[in-house]
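# Summary of the model geometry
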Amino acid sequence: MRVFGDKYLFVGLAVYIFLSSFMLLHMYQTPYFGLGLDKSHGQYLIEEPKNPIYEDWMKKNNIQSGDQLLSVNNQSALNNVPEIKNNRIITARSILIQDKNGKEHIVRYHLLDIPYFLLLLGVFPTLYGIFSFIIAIYLMRKKLALPLMRHLIFLLLVTSLAYISINSSSSHNSSGIIINSMCMIFCVVLLCDFIIRYMAYLQEKKVNTGGTKLFYVAPFIPAAIICSIKFKMYEPIVTLTIFSGFLALTIILILYGFLIFKLKPLKLLFIGIVIPFFPILFLYALPIILSEKPIVDAEICALFLLFIPLNIITLHITERLFNLDYYISRIIYYGWISLFYVIWIIMGISFLVDVSIVELISLGIFIYLSTIISLYIKEHLDFKNRSVLFTMKGNHMHDLYKNIRILSKSYTLEQSLQNVKQVVEKYLHINDVTIRQTDTSCEESHLVIGKMIIEKEKYTSLIHCEHSNSLYIDIPKKSIHLQNEQIVWLELFYSYVDNFLTSTKIIEELMEQLQKVSTKNDFLPDWLKKLIYIRVDEEKYKVAQELHDTILQKHYYIARQLNMVVASQPELNSIYQQFIESITNLRTYCETLKPPLLAKQGLQPALEQLARKMALESEFDLDYSFDRLYLENEDLPLTIYRIIQELLNNAQKHACATKIMIHLEELENECMIHYEDNGVGFDIEQVKKGETFGLQGIQERVEAFNGSFDIMTKRSEGVKVHIVFEEEFIKND
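Residues numbered from 1 in each chain as written. Predicted model: local features only at pLDDT ≥ 70, side-chain atom pairs only at ≥ 80, totals over all residues. Heavy atoms only, no water.

### A look at the overall build of the chain
- Check the secondary structure of the chain and you find 27 helices and 18 strands.
- For the chain, the proportion of its 733 residues judged to be buried stands at 43%.
- The long-range share in the chain, meaning contacts at least 24 apart out of those at least 6 apart in sequence, stands at 66%.
- For the chain, the computed accessible surface area is about 41500 Å², with 59% contributed by carbon and sulfur atoms. (Helix = DSSP H or I, 4+ residues; strand = E, 2+ residues; numbered from the N terminus. Buried < 20%, exposed > 50% of the residue type's maximum accessible area, 1.4 Å probe, protein only. Contact = heavy atoms within 4.5 Å. Areas by Shrake-Rupley, 256 points an atom, 1.4 Å probe, with all protein chains shown as cover.)

Structure representation (structure tokens):
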């Protein structure tokens, strides 16, 4: 796929590059300053800084509260300079200060002078802009075919622009204010439109885009107000009100879809994309609307928008959203552990060291986040190095995994038990371990599998139990006195033994069934049919991939070379056309072996493409509908695709029908395939003998997944096929 396959995305990306570059350049040239002033007796005096971020900078430049501000950027401070708004120096490259002794000195200001602003207004916006651009390119290259991906890409870019333009807007730059206001509203409009379309996509309904198109008028309202001198002062309130309204509408839509329609993917979409807007909504927008004073500055609230590109790249928007429940539960778990630890540390520091509240809170947040990250890294390292657990007696976990691999080489129950006995004896350095069998059931023994029971003369453990048959392993006390770590090792090993013995019994039973099939020429069991069909489809995939990567590519190259020759030698045109037809047939064959849309977009789009293609190639009228299925069994979608493909192929070749109907429906506890045509029909007895139209193969595929297959037909009366896969068979075995 080409990078810029969509002209709207190409234009949007070009506009994003231009505006983000302009905003970042303006930010570095005229950075936000924000130093507070106190106007007294017609003079501007430097006020006592309420934010400690200015203290070091003021000391370094010999500035004290009460010093007089004479000029900003070589312009008198009393001449209504645009750099001073609401008793605050919004932006400045240089200021002229007169101290209390009447001495004047010039102070230069750069973004690098205050690390807080450097990070908040310099580093983070730049990284966010670059990161958003990279993700947008990735989505355009790899995921553009996915539903609603264009909306998601535009949402990512517009949100990034809104964040990058915060500095210019805070500096009262007209262009920055317009871009920031429009992008703030534009991003929540896109989000709201995306949610509406995504809900319709999940419910397989068509959306009337006429109403949602009106949403896109909203971003232009702030721009119109800014251009109007009379109403310019109301722009911040109007912008934040519209922003809050659309975000509230988005939240209502998600709750409605989740609670009423039970659309579970909306839960993770809400967590990943909507929640990062909450700090701006509740800590900045609503407080300004209600009291004209924010709880937290916009620059800090906007930091949470950094989560959006990370979440977009991890969320899969086609079938099911990426499952973040595990990570959320781990973060909550780490958070509680870290909280008590941080409270203890902060209490200790507050008693031992004289620090300000701001420094204490900052230190607490840093320690809290660092502890959460450390716990996360520790868990991953523990998992990575899980085979290494050292005790005073040696590397027991390494021995355990090594001995488990020995068990995996056993193929009979007798061999497995012999290996278990040898492993335990080798581990304990004794030679009188015994395995005994009893007729007691699991309920009668009242023992937990693997649990070590210390009796008077022996250590005994139940290692396997099935119906009225139990297996125990005994270690005599006269041979060894077990240490705690040895008991833990043995109990863990016995729990693995139980699983291996169960698997070995299943293998023995399957081998017996295969022997009966080979000696009695009996029908194949369903599990073997399923295995055969899965293996056949896997081989088809391999053949299709090999043909596509080798022969088909070589044919394309020869076709391009032949095309240049045909221009000078027209007599070769017929050969060239035959060769192109051969390439088309080969590509169609590859797509038949390996349906391209099935793996990329799922079962429903693949079936719709198959039906459209069949309708174009055939003379009958095809009525089709395919519900979107959420199947846990990974092999079933391909099986359903092959069944419907075979039904349509049979109809095309043999039915002589004028009307065909095929539907795939998801019912409460099952999924159903219904096929019907008005063709010539056939003798049902031929189907039972496996001699007609490949329907025997369809029946075997259905039975392999424990489904039900019903066919009704007579000569000249058409065919009806009804196939059902029940809920318990849809899930993985």
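### Considering the sheet that holds strand β13 (residues 469-476)
- Read across the sheet, four strands follow the order β10-β13-β12-β11 without closing on themselves; strand pairing throughout is antiparallel. Looking at the sheet topology across the chains shown, the edges are occupied by β10 (434-438) and β11 (452-454). Across the sheet, the mean angle separating the axes of adjacent strands is 30° when strand polarity is ignored.
- Note that β11 and strand β12 (residues 458-466) share three bridges and pair antiparallel. Following the sheet pairing, Ile 453 is matched in β12 by Thr 460. (Pairing = 2+ DSSP bridges. Axes fitted to C-alpha atoms, helices over the stretch in contact; angles between N-to-C directions.)

### Points about the sheet that holds strand β15 (residues 659-666)
- Spatially, β14-β15-β16-β18-β17 is the arrangement adopted by the five strands of the open sheet, whose pairing is mixed. A strand with exactly one partner marks an edge of an open sheet, and here the two such strands are β14 (621-626) and β17 (708-713). If you compare each strand with its neighbour and ignore which way they point, the axes differ by 5° on average.
- Bridge analysis of β15 against strand β16 (residues 670-677) gives seven bridges, and the strand direction is antiparallel. Considered in β16, the bridge of Glu 666 is made with Cys 671.
- Relative to the sheet, helix α23 (residues 603-617) contacts β14 and β15, its axis offset from that of β14 by approximately 180°.
- The strands touched by helix α26 (residues 695-704) are β17 and β18 (719-726); relative to β17, the strand with the most contacts, the crossing angle is about 155°.

### Some remarks on the side chain of Asn 173
- The residue Asn 173 is located in the loop between α5 (166-170) and α6 (174-203) in this model.
- Not counting residues within four places of it along the chain, the set of residues in contact with Asn 173 comprises His 26 and Ser 168.

### A closer look at the packing of aromatic side chains
- Under the counting rule described, the total for this entry stands at 18 aromatic pairs.
- Taking 6.3 Å as the distance between ring centres and 70° as the angle between the ring planes, the aromatic pair formed by Phe 33 and Tyr 54 counts as edge-to-face. On the criterion of sequence distance, the pair formed by Phe 33 in strand β1 (residues 32-40) and Tyr 54 in the loop between β2 (43-46) and α2 (55-60) is long-range, its members being 21 residues apart.
- By relative accessible area, which is 6% here, Tyr 54 ends up buried.
- Residues Trp 489 and Phe 493 carry aromatic rings whose centres are separated by 5.4 Å and whose planes lie at 20° to one another, so their mutual orientation is stacked. (Phe/Tyr/Trp six-rings, centres within 6.5 Å; stacked < 30°, edge-to-face > 60°.)

### Considering the pattern of salt bridges
- Within the structure shown, the criterion is met by five salt bridges.
- In this structure, Glu 676 engages Lys 720 in a salt bridge whose closest nitrogen and oxygen atoms are separated by 4.0 Å. With Glu 676 in strand β16 and Lys 720 in strand β18, this pair connects stretches of sequence that are 44 residues apart.
- One salt-bridge network, in which partners are shared between bridges, spans Arg 436, Lys 458 and Asp 474. (Salt bridge = Lys/Arg side-chain N within 4 Å of Asp/Glu carboxyl O.)

### Remarks on helix α11 (residues 278-291)
- In this model, α11 (14 residues) spans 18 Å end to end at C-alpha, consistent with the 20 Å of a helix rising 1.5 Å per residue.
- Along its length, α11 shows its largest kink, about 30°, at Ala 285, and proline Pro 287 lies within four residues downstream of that point.
- Looking one or two residues past α11, Glu 292 carries a phi angle of roughly 60°, positive in sign. (Expected span 1.5 Å × (residues − 1). Bend = angle between axes of the 7 residues up to and from the residue.)

### Quick word on the packing of helix α24 (residues 636-655) against α26
- Relative to each other, α24 and α26 sit at 165°, their axes nearing to 10 Å. In terms of axis orientation, α24 runs roughly antiparallel to α26. The element α24 and its partner α26 pack so that their crossing is left-handed. Taking contact as the criterion, the partners of Thr 639, Arg 642, Ile 643, Glu 646, Leu 647 and Asn 650 in α24 are, on α26, Leu 695, Ile 698, Arg 701 and Val 702.
- Classifying every residue of the contact of α24 with α26 gives five nonpolar, two polar and three charged. (Parallel < 35°, antiparallel > 145°, perpendicular 65-115°, else oblique. Left-handed = near helix turned anticlockwise from the far one by under 90°. Nonpolar A, V, L, I, M, F, W, Y, C, P; charged D, E, K, R; others polar.)

### Quick notes on the nonpolar core
- Counting 93 residues, the largest nonpolar core has Phe 33, Trp 57, Leu 69, Ile 95, Phe 117 and Phe 277 as its most contacted members.
- If we skip the residues at most four places from it in the chain, Ile 95 touches Phe 33, Trp 57, Leu 69, Ser 71, Val 72, Ile 89, His 105, Ile 106 and Val 107.
- Among the nonpolar cores identified, the runner-up in size contains 41 residues, and Ile 644, Phe 682, Ile 723 and Phe 725 belong to it. (Core = buried A, V, L, I, M, F, W, Y, C linked by side-chain atoms within 4.5 Å.)

### Thoughts on a nonpolar patch on the surface
- A contiguous nonpolar patch, built from Ile 332, Trp 336, Leu 339, Phe 340, Ile 343, Met 347, Phe 351, Leu 352, Val 353 and Val 355 and spanning about 1100 Å² of accessible area, is present on the exposed surface.
- Here Met 347 lies in helix α14 (residues 325-352). (Patch = residues over 30% accessible without salt bridge, like charges linked within 9 Å, V, L, I, M, F, W, Y side chains within 5 Å.)

### Quick word on the side chain of Ser 168
- For Ser 168, the position within the fold is in helix α5.
- A relative accessible area of 0% places Ser 168 in the buried class.
- Within the structure, Ser 168 has its side chain in polar contact with the side chain of His 26 (distance 2.9 Å).
- Every residue in contact with Ser 168, bar those within four places of it in the chain, is listed here: Met 23, His 26, Asn 173 and Gly 176. (Polar contact = N/O pair within 3.5 Å; in protein donor to acceptor, adjacent residues only side chain to side chain.)

### With respect to the packing of helix α8 (residues 220-227) against helix α9 (residues 235-259)
- Where α8 contacts α9, the axes come no closer than 10 Å and their chain directions differ by 175°. If you check the angle between α8 and α9, you find them roughly antiparallel. In this structure, α8 contributes Ile 221, Pro 222, Ile 225 and Ile 226 to the contact, and α9 contributes Glu 235, Val 238, Thr 239 and Ile 242.
- Class assignment for the residues of the contact of α8 with α9 results in six nonpolar, one polar and one charged.

### Quick look at the environment of Leu 603
- Within the secondary structure layout, Leu 603 lies in helix α23.
- Residues within four places of Leu 603 in sequence aside, it is in contact with Leu 598, Leu 629, Pro 637, Ile 640, Tyr 641 and Leu 664.

### A closer look at the pairing of β16
- In terms of burial, β16 is largely enclosed, as six of its eight residues are buried.
- In this antiparallel pair of consecutive strands, β15 and β16, the connection spans three residues.
- Here β16 pairs with β18 via eight bridges, running antiparallel. Directly across from Ile 673, in β18, lies its bridge partner Ile 723.

### Regarding the environment of Asn 167
- Inspection of the secondary structure puts Asn 167 in helix α5.
- Judged by its relative accessible area of 1%, Asn 167 is buried.
- Sequence-distant contacts of Asn 167, that is, excluding residues within four places in its chain, are made with His 26, Met 27, Thr 30, Pro 31, Tyr 32 and Leu 121.

### A few points about the confidence of the model for the chain
- Here the chain averages 78 in pLDDT, while 78% of its residues score no lower than 70.
- Segment residues 1-5: pLDDT under 50, and 12 contacts once partners within four positions in sequence are set aside and those in other chains are kept.
- Taken as a whole, residues 386-394 scores under 50 in pLDDT and shows 16 contacts with residues more than four places along the chain or in a different chain. (pLDDT = per-residue confidence, 0-100.)

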